[in-house]
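Remarks on the overall topology
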Amino acid sequence: MKGESKGTKRRFHFYLPEEKIVQYIAKIIEVILLVAIGIVIVYTVIDIFLLIPSGLLSEIFGLVGNAFLVVVLLELFQSIVDFGKGRGRSVVYVMDATMSFVLREVIIELINGVSSMSDLLYLASIILLVALSRFLISFRLTKKGRKH
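Residues numbered from 1 in each chain as written. Predicted model: local features only at pLDDT ≥ 70, side-chain atom pairs only at ≥ 80, totals over all residues. Heavy atoms only, no water.

Below, the discussion takes up the overall build of the protein chain. For the protein chain, the count of helices and strands is five helices and zero strands. Reading the helices (α) and strands (β) of the protein chain from amino to carboxyl end gives α-α-α-α-α. Sequence separation of at least 24 residues holds for 62% of the intrachain contacts in the protein chain that already meet a minimum separation of 6. Of the roughly 10900 Å² of accessible surface on the protein chain, a fraction of 70% belongs to carbon and sulfur atoms. (Helix = DSSP H or I, 4+ residues; strand = E, 2+ residues; numbered from the N terminus. Contact = heavy atoms within 4.5 Å. Areas by Shrake-Rupley, 256 points an atom, 1.4 Å probe, with all protein chains shown as cover.)

Quick look at the structure:
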């Protein structure tokens with residue numbers, strides 16, 4: 001009788017370890033990011049073909065913004081892939097994505113004409129802080145790698 005109840009419990013008991021849950025969620029986020037990257041690329045290519053007759057040079061800056069958006073999404077994708085595999089460098093990729101995104105905003109702001117110098121200084125300070133943090137983390141990671 002005891003053996004039957006254990007067998008029944010095992011048959012109907014659903015157990016999913018936390019690592020598997022994280023891996024499944026990471027895969028879902030990877031797919032979402034890949035779809036987003038694909039959409040941005042398709043949108044940019046369509047935009048190029050629509051803008052050729054009307055003068056591509058006038059709208060080139062929007063295309064540059066889209067290209068930087070793809071870079072940011074790729075950085076985030078790398079981060080999620082590493083996170084799903086259990087690697088510790090995912091924070092570095094997030095910092096890289098943050099710097100890419102803020103740099104994208106600075107470039108767009110410069111191209112469109114600086115609306116506010118304080119906004120530009122604010123964005124520059126964010127880039128500086130993230131870059132410094134990124135350097136310190138990378139320095140610490142390489143220092144740890146040498147010890148082993």
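Before going further, it helps to examine the pattern of salt bridges. Enumeration over the complete set of coordinates arrives at three salt bridges. The partner of Asp-96 in a salt bridge is Arg-134, and the shortest N-O contact between them spans 2.6 Å. Remark: Arg-134 occurs in helix α5 (residues 117-147) and Asp-96 occurs in helix α4 (residues 90-112); sequence separation between them is 38 residues. Accessibility assignment for this pair places Asp-96 and Arg-134 in one class, buried. The salt bridge partner of Glu-105 is Arg-104, with a shortest N-O separation of 2.9 Å. (Salt bridge = Lys/Arg side-chain N within 4 Å of Asp/Glu carboxyl O. Buried < 20%, exposed > 50% of the residue type's maximum accessible area, 1.4 Å probe, protein only.)

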